[in-house]
Amino acid sequence: MKRLLRGGRVVSGDGCRPADILIENGKISKIGEGLSCEDACVVSVEGKLLFPGFIDAHTHFDLHVAGTVTADDFETGTKAALRGGTTTVIDFGTQYPGETMKEGLCNWHKKADGKASCDYGFHMSITEWNEELDREIDDMIAAGVTSFKLYMTYDTQVDDKTIYQILKRLKKVHGIAGVHCENSGVIAALQEEAKAAGRMGVASHPETRPAAAEAEAISRLLRLAEIAGAPVIVVHLTSREGLKMIEEARARGQEVYVETCPQYLLMDDSLYRLPGFEGSRYVCAPPLRTPADEERLWQGLKDGEIQTISTDHCSFTLEQKTLGMDDFTKIPGGMPGVETRGILMYSEGVVKGRLDEAQMCRLLAENPARLYGLYPRKGVLAPGSDADIVVIDPSVKDIISADDQITNVDYAPFEGKEVTGRIEQVYLRGESVVEAHQVVKTGLGQYVSRGTYEDCR
């Protein structure tokens, strides 16, 4: 079916302009003012903003972790993502110790194939390194998995030698690694101290994962990347101290990309001091920081120091959170986010003047498309691109509530927050999948084989 979206304002990384969009065969055919097409279904988007479909490059669906499994799998998670304007996710497949990367990728395809409602790709998390895994890097690139994840903490962490070796290997094939940066040893020592003192409650979570532990790991990672001569991505940045380490590396001439998340922009560590066990719903790693950190991150977004906003969607029910009722280290870490990211960034970013529409477009669509090998198929509204389109009505006000969400959890981190704007319609490769803010078609998601970030500069 041909569709003609008429009368809206089309948003790009360069700005906004009045334009119509003609969709044919799942692709954008034409963009311009006053378009007409006799056999097209005309959809009025008068007064609306049209963004490229958002890309969330940091989700954890159907993940076995912390003695349980995330509440959202690919069926519920990608449906929630669609409602939030996200038309492509990149989830973290994992090569667990003793597995090959091929086995890890196969496991994630089994989780997602035939179940996803938005398009999807995979990063590959590497938990160990040997000659066989080294050879498999080429196979991953050929399979369209061109980005990789490394942890500097948790039981999936890799040591400095391994980080250096992997970064050097990825440089050869134009792959890139995103790294979870926290000093594992310091965190372990601080947790032991807290437990010895009987401080087993939620408030000990941020105290034992301080910003300095994040900044130290970022600094160490960037020195390893400097020696390897490789670009790197710092994922879910939370702190001004961490951003300072990145600034210093860039001043040395290093190529460093940065991601942050809505929770680090709009929540602070006072939530961990809520009465009883209520603060557990906000436990994530790295933890929420201070209002001063929030403001520095917003400034980093405005100034272009931070390139992408993802969610780190890793959802658990309140019952699952009680696994850590008597021991804060056993609280499953993570929050939902795919359903609210888009409108939060519009309402708290654009409406409040922290960002403009073009910056929001770059942070949620264009930059991740370029960084993760999807551009110009995704991330832009242009002739030949996939017709992934988000239609926002800027005049509507809503209240975020768990009673009105698809995400498969029984709470909403931003419960009661008023937002300005509503994602009214979403198109996935030309198919209308969200109408009047409700998902109307599911199961249309396809695996997206990605190029390298070098292909999309």
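Helix and strand counts for the chain come out as 13 helices and 19 strands. Relative to its length of 457 residues, the chain is compact, with a C-alpha radius of gyration of 21 Å against a globular reference of 23 Å. Referenced to the eigenvectors of the C-alpha coordinate spread, the extents of the chain come out at roughly 75 × 50 × 40 Å. Within the chain, the fraction of its 457 residues that count as buried is 61%. The long-range fraction of contacts in the chain, counting pairs at least 24 apart against all pairs at least 6 apart in sequence, stands at 74%. Carbon and sulfur atoms make up 47% of the accessible area of the chain, which totals about 16900 Å². Between the centroid of the 51 positive side chains of the chain and the centroid of its 70 negative side chains there is a distance of 3 Å.

Under the counting rule described, the total for this entry stands at zero disulfides. Not part of a disulfide, C314 finds its nearest cysteine sulfur in C284, a span of 9.8 Å. By relative accessible area, which is 7% here, C314 ends up buried.

Counting buried positions over the five residues of strand β11 (residues 147–151) gives five, a clear majority of the element. Where burial is concerned, the two faces of β11 agree: the one with S147, K149 and Y151 and the one with F148 and L150 are both buried. Of the strand pairs in this sheet, strand β10 (residues 119–126) and β11 are connected by two bridges, and their pairing is parallel. The residue bridging M124 from the neighbouring strand is F148, located in β11. As paired strands, β11 and strand β12 (residues 176–180) are joined by five bridges and run parallel to one another. When the bridges of β12 are listed, K149 appears paired with G178. In this fold, β11 hands off to helix α4 (residues 160–173), which returns the chain to β12; that crossover is right-handed.

Here we take up the layout of surface pockets. Taken as a whole, the largest pocket encloses approximately 860 Å³ of empty space. Considering each element in turn, the lining of the largest pocket owes the most residues, four residues, to helix α5 (residues 184–196). Looking at the lining of the largest pocket residue by residue, the class counts come to 17 nonpolar, 15 polar and five charged. Along the walls of the second largest pocket sit 23 residues, with E339, T340, I400, D404 and H437 positioned nearest its centre. Secondary structure elements with two or more residues in the lining of the second largest pocket: β16 (389–399) and β17 (418–428). The biggest single contributor to the lining of the second largest pocket is β17, with four residues.

Moving on, we come to the nonpolar core. Membership of the largest hydrophobic core comes to 102 residues, with the highest contact counts inside it found for F51, L167, L221, L237, I246, L288 and I392. Per-element tally for this core: the top contributor is helix α7 (residues 211–228), with eight residues. With residues up to four places along the chain from it excluded, the contact list for F51 reads V11, E357, M360, C361, L381, D388, I389, V390 and I392.

How each quantity is defined
- Residues numbered from 1 in each chain as written.
- Predicted model: local features only at pLDDT ≥ 70, side-chain atom pairs only at ≥ 80, totals over all residues.
- Heavy atoms only, no water.
- Helix = DSSP H or I, 4+ residues; strand = E, 2+ residues; numbered from the N terminus.
- Rg over C-alpha atoms; globule rule 2.2 N^0.38 Å.
- Buried < 20%, exposed > 50% of the residue type's maximum accessible area, 1.4 Å probe, protein only.
- Contact = heavy atoms within 4.5 Å.
- Areas by Shrake-Rupley, 256 points an atom, 1.4 Å probe, with all protein chains shown as cover.
- Lys, Arg positive; Asp, Glu negative; His and termini not counted.
- Charge placed at Lys NZ, Arg CZ, Asp CG, Glu CD.
- Disulfide = S-S within 2.5 Å.
- Pairing = 2+ DSSP bridges.
- Right-handed = clockwise from strand over helix to strand, strands pointing away.
- 1 Å grid on protein atoms, 1.4 Å probe; cavity = no way out; pocket = protein on both sides within 12 Å on 5 of 7 lines; lining within 4 Å.
- Points joined across faces, edges and corners; volume = space filled by probe spheres on them.
- Nonpolar A, V, L, I, M, F, W, Y, C, P; charged D, E, K, R; others polar.
- Core = buried A, V, L, I, M, F, W, Y, C linked by side-chain atoms within 4.5 Å.

Spatial relationships are all this shows, so hold off on functional conclusions.
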